[in-house]
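Topology and contacts: notes
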Amino acid sequence: MQHTLFLYNTLSRRKEAFLPQNPPFVGMYVCGPTVYGDAHLGHSRPAITFDMVYRYLLHLGYRVRYVRNITDVGHLEHDLDEGEDKIAKKARLEQLEPMEVAQFYMNRYHRNMDQLNTLPPGIEPVASGHIIDQIATIERILKNGFAYVSNGSVYFDVLAYSQHHDYGKLSGRRIDDLLTDTRELEGQEEKHFPADFALWKKASPEHIMRWPSPWSDGFPGWHLECSVMGAKYLGIPFDIHGGGMDLIFPHHESEIAQSVAAYGSEHVRVWLHNNMVTLNGQKMGKSLGNAISLDDVFTGNHPLLDQPYSPMTIRFFVLQAHYRSTLDFSNDALQAAGKGLKRLLAGMDALEKLKPSDHSSVNVHEWEDKCYEAMNDDFNSPVLIAQLFDGLHMANLIGAGTETLSVEDLSHFKKSFLTFVTDVLGLKHEEQDQPSDLVSGLMETLLQLRERARGKKDWETADMIRKELARLKINVKDTKEGTVWEKISD
RNA sequence: GGCAACAUGGCCGAGUGGCUAGGCAGAGGUCUGCAAAACCUCGUACACCGGUUCGAAUCCGGUUGUUGCCUCCA
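Computed from a predicted structure; not experimentally measured. (Residues numbered from 1 in each chain as written. Chains lettered and ligands numbered in written order. Predicted model: local features only at pLDDT ≥ 70, side-chain atom pairs only at ≥ 80, totals over all residues. Heavy atoms only, no water.)

Examining the overall build of chain A
Stated formally: Only DSSP runs of H or I covering at least 4 residues are called helices, and only runs of E covering at least 2 are called strands; the numbering of each starts at the N terminus. Only protein chains enter the area calculation, which uses a 1.4 Å probe; residues under 20% of their type maximum are buried, those over 50% are exposed, and those in between are partly exposed. Whether two residues are in contact is decided by their heavy atoms, any of which lying within 4.5 Å being enough. Note on areas: these come from Shrake-Rupley sampling with a 1.4 Å probe, and a residue is covered only by the protein chains present in the view. We treat Lys and Arg as the positive residues and Asp and Glu as the negative residues; His and chain ends play no part in the count. Here the site of a charge means NZ on Lys, CZ on Arg, CG on Asp, or CD on Glu.
For chain A, the count of helices and strands is 16 helices and 15 strands. Counting every position in chain A, which comprises 490 residues, the buried fraction comes to 50%. For chain A, the share of sequence-separated contacts (at least 6 apart) that also reach a separation of at least 24 residues comes to 74%. As presented, chain A carries roughly 24000 Å² of accessible surface, and 51% of it is formed by carbon and sulfur atoms. Across chain A, 51 positive and 68 negative side-chain charges occur, with their mean positions spaced 4 Å apart.

Printed below as a string of structure tokens:
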């Protein structure tokens, strides 16, 4: 580990050298999905971002325990049916068991994540499997005087907490501002202070998802599961906590407060937050009708999409922007990304054909250092990608004989390039649909006929075959190695 | 309304107080029967108005716009 990695810590608002508590071990917790619907484009960002973080830490030689939760209880609908759980609501609508709904969408989420080539977390705890741990934590918070029971529910006492600690340190919010913000919300009458949040919520009679507790039959509050499950599997404090920027307040702010209230210390050393996704410059939201599911993106089945975009195109596109910048999805941008990715992967294959020389005219190690510099600077994947394209250019010059590499340097260059593309960025060739034997046979015959015509300089026939195939979205290319064909997709 | 962040060439998107980002598109060229693909060469952009500075797109202030959070949210 000759390179120092710098991370932007939301808590300090600056880049800090990453020094794990117990190297080479690293504990990382990332906020996962609430499984009540299909994953959409917005979900791809944290998934790919923290997959890149995970992959790079592994590449640097760290032993990473990666925990990503699945939220299957606890989130409240904000406007209707006060106190009804999102999962329970969906279950009633679809006449399914709540757990059935959660399982269904969890399976689909996993499939999408697999398509995006994200590595599975080492532990993927579900909130409903940790009710006992959450109750125990609530009891500790109550005992420490930072919570109160109100009508069967338990609330975190933000004012009591802020007497001794800084509620708002992560998000930059002030208690005074929270006070002035006098929005009317339902269920507020049980709270002593508007900013107080539920640790345990009493279930209404029709509420399906419920567990017994010392206070009522109910369910755990919004923010508790991450504090509890992070502490359980990673210990306190752990090195990295990741998630979307929209979770900074109130979710992560409240997590910190809960951990301090329960355990006496903060549970996270470095907070990493990915920025949000927009679509054609607009916020993406279900209410705006522009939250495109990943399945729809992959199939192109959405009015806003001109064509399908493959999982690797999405992955490459996401990595082409820095994770802390907003990222705007548009057809133009995705098409550009698809083409760039194709060229990068084809170039990677072409590296294999390079021939070494007796000396090197370019400095491979300097090039490689720039790749590491990019990633070490708070995971600057766009700069790494630019560097890879520069490497590609270098490879082309070597292929043309303009530049040379020694046997040793060439081998190092190939290995390094491949490692950055596949291991660190997690990019790979997408398996094409293999043509059937029938299609292959037909194409072979057709191209032989065309070759025969070309041999006789019968350009009219040769061009007709190519033109007709083009209408079937088949591209025929006469290369030096012979004629090849490919299906035109995106 | 309150609190933040951002505003870069046709599009996407890095970075930086003076020194090439990169991708896509576009132009020219090599190759080719033609085409496609591939490769080579090419762009001096940084919202607006002030200020600091020898010098700012990069720092400071203001304006406008966009986005996020303040309510489940990746």
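So, next bit.
Considerations on the sheet that holds strand β3 (residues 25-30)
Pairing between the strands of a sheet is mediated by backbone hydrogen bonds and can be parallel or antiparallel. Quick reminder of the rule: Each pair of strands is called paired provided DSSP finds at least two bridges between the two strands. Axis geometry follows a simple rule: fit a line to the C-alpha atoms, using only the stretch in contact for helices, then measure angles between N-to-C directions, giving values from 0 to 180 degrees.
One open sheet accounts for four strands, arranged β4-β3-β9-β10; its pairing is parallel. The sheet is open, and its two edges are formed by β4 (63-68) and β10 (268-274), each paired on a single side. Mean inter-strand twist for the sheet, computed between neighbouring axes without regard to direction, equals 20 degrees. Bridging between strand β9 (residues 238-244) and β10 involves six bridges; their strand directions are parallel. Residue pairing in the sheet places glycine 242 in a bridge with leucine 272 of β10. Strand contacts of helix α1 (residues 41-59): β3, β4, β9 and β10, with the helix running at about 130 degrees to β10, the strand carrying the most contacts.

What about the pairing of strand β1 (residues 6-9)?
With burial as the criterion, only one face of β1 is covered, namely that bearing Leu7 and Asn9; the residues Phe6 and Tyr8 on the opposite face remain uncovered. In terms of strand pairing, β1 meets strand β2 (residues 14-17) through four bridges, oriented antiparallel. When the bridges of β2 are listed, phenylalanine 6 appears paired with alanine 17. The antiparallel hairpin formed by β1 and β2 contains four residues in its connecting segment, where arginine 13 sits at a positive phi of about 60 degrees.

Examining unusual backbone geometry
That bond from isoleucine 236 to proline 237 is cis: its omega, -10 degrees, falls within 30 degrees of zero. Turning to its location among the elements, proline 237 is positioned in the loop between α7 (224-234) and β9. Cis rather than trans, the peptide bond between phenylalanine 249 and proline 250 has omega equal to 0 degrees. Looking at the secondary structure, you find proline 250 in helix α8 (residues 248-263). Backbone geometry places asparagine 151, a non-glycine residue, at a positive phi of 55 degrees. Notably, lysine 457 is not glycine yet its phi reads approximately 55 degrees, a positive angle. The topology assignment puts lysine 457 in the loop between α15 (437-455) and α16 (459-471). With relative accessibility at 61%, the residue lysine 457 sits in the exposed group.

Brief notes about the nonpolar core
Counted only if it meets this: Each nonpolar core is a collection of buried residues, namely Ala, Val, Leu, Ile, Met, Phe, Trp, Tyr and Cys, held together in the definition by side-chain atoms within 4.5 Å. Domain ranges listed in this record stem from an automatic or a database domain assignment.
Counting residues in each nonpolar core, the largest one holds 78 residues, and the members touching the most others are Ile314, Phe329, Phe379 and Phe417. The element that contributes the greatest number of residues to this core is α1, accounting for nine residues. When we break this core down by domain, the ones giving at least three residues each are domain 1 (6-274) and domain 2 (278-424). Sequence-distant contacts of phenylalanine 379, defined by excluding residues within four places in its chain, comprise Leu5, Leu7, Met52, Val53, Tyr56, Leu272, His322, Tyr323 and Ala374. Grouped together as the second largest cluster of nonpolar side chains are 44 residues, Trp215, Phe219, Cys226 and Met229 included.

Examining the environment of alanine 47
Locating alanine 47 in the fold gives a position in helix α1. Beyond its immediate chain neighbours, meaning those up to four positions away, alanine 47 contacts Tyr109, Met113 and Thr118.

Notes on the pattern of salt bridges
Under the convention used in this document: Salt bridges are defined by distance alone: a side-chain nitrogen of Lys or Arg within 4 Å of a carboxyl oxygen of Asp or Glu.
Evaluated as defined, the whole model comprises 19 salt bridges. In this structure, the salt-bridge partner of aspartate 295 is arginine 111, at a minimum N-O distance of 3.3 Å. In this pair, aspartate 295 sits in helix α9 (residues 294-299) while arginine 111 sits in helix α3 (residues 98-115), placing the two residues 184 residues apart along the sequence. Given the relative accessible area of 17%, aspartate 295 is considered buried. Classification of arginine 111 as partly exposed rests on a relative accessible area of 35%. The salt bridge involving glutamate 468 is made with arginine 471; its shortest N-O contact spans 3.7 Å. Of this pair, glutamate 468 and arginine 471 are both found in helix α16, three residues apart, which corresponds to roughly one turn of the helix. When its relative accessible area of 66% is taken as the criterion, arginine 471 is described as exposed. Counted as one network, the salt bridges with shared partners bring together Arg450, Glu451, Arg454, Asp463, Arg466 and Asp478.

Some words on α3
In plain terms, the rule: One less than the number of residues in a helix, times 1.5 Å, gives the span that helix is expected to have. Along the arc lie the directions from the helix axis toward the C-beta atoms.
Given a rise of 1.5 Å per residue, 18 residues ought to cover 26 Å, and the 26 Å separating the end C-alpha atoms of α3 matches this to within 8%. Taken together, the buried positions of α3 are Pro98, Val101, Ala102, Tyr105, Met106, Tyr109, Asn112 and Met113. Taken around the axis of α3, the buried residues stretch over an arc of 125 degrees, which confines them to a single face. Asparagine 117 occupies a position one or two residues after α3 and carries a positive phi of about 60 degrees.

Notes on the state of the cysteines
The test is simple: Disulfide: a pair of cysteine sulfur atoms within 2.5 Å of each other.
Taken as a whole and assessed by the stated rule, the structure comprises zero disulfides. Free of any disulfide, cysteine 31 has its nearest neighbouring cysteine sulfur in cysteine 226, separated by 3.9 Å.

Observations regarding empty space enclosed by the protein
The following threshold applies: Of the grid points, spaced at 1 Å and generated over the protein atoms alone, those admitting a 1.4 Å probe that cannot get out make up cavities, while open sets with protein on both sides within 12 Å along at least five of seven lines make up pockets; any residue with an atom within 4 Å of a point is treated as lining. Grid points are joined across faces, edges and corners, and a volume is the space filled by probe spheres set on the points. We call Asp, Glu, Lys and Arg charged. Ala, Val, Leu, Ile, Met, Phe, Trp, Tyr, Cys and Pro are nonpolar, and the rest, Gly among them, are polar.
With the rule as written, the count across this model stands at one cavity of 30 Å³ or more. In this structure, the largest cavity encloses a volume near 50 Å³. Every residue along the wall of the largest cavity is listed here: Leu41, Leu279, Asn280, Ile292, Leu304, Leu305, Phe329, Ser330, Asn331 and Leu334. When its residues are assigned to classes, the lining of the largest cavity shows seven nonpolar, three polar and no charged.

A closer look at the domain arrangement of chain A
You can read the domains of chain A as domain 1 (6-274), domain 2 (278-424) and domain 3 (437-487). Centre-to-centre separation of domain 2 and domain 3, based on C-alpha positions: 31 Å.

Examining the packing of aromatic side chains
Here is the rule we go by: Each pair of aromatic rings taken from Phe, Tyr and Trp, with Trp reduced to its six-membered ring, is defined by centres within 6.5 Å and is described as stacked if the planes are under 30 degrees apart, edge-to-face if over 60, and tilted in the remaining cases. The criterion is that NZ of a Lys, or CZ of an Arg, lies within 6 Å of the ring centre and within 35 degrees of the ring normal, and then a charge sits over that ring.
For the structure shown, the criterion picks out 19 aromatic pairs. With a centroid separation of 5.0 Å and 65 degrees between ring planes, the pair formed by tyrosine 372 and phenylalanine 420 is classed as edge-to-face. Residue tyrosine 372 is found in helix α12 (residues 364-376), and its partner phenylalanine 420 is found in helix α14 (residues 407-424); the two are separated by 48 residues along the sequence. For the pair shown, tyrosine 372 and phenylalanine 420 are each scored as buried. Positioned above the aromatic ring of tyrosine 323 is the side chain of arginine 324, whose terminal nitrogen or guanidinium carbon lies 6.0 Å from the ring centre.

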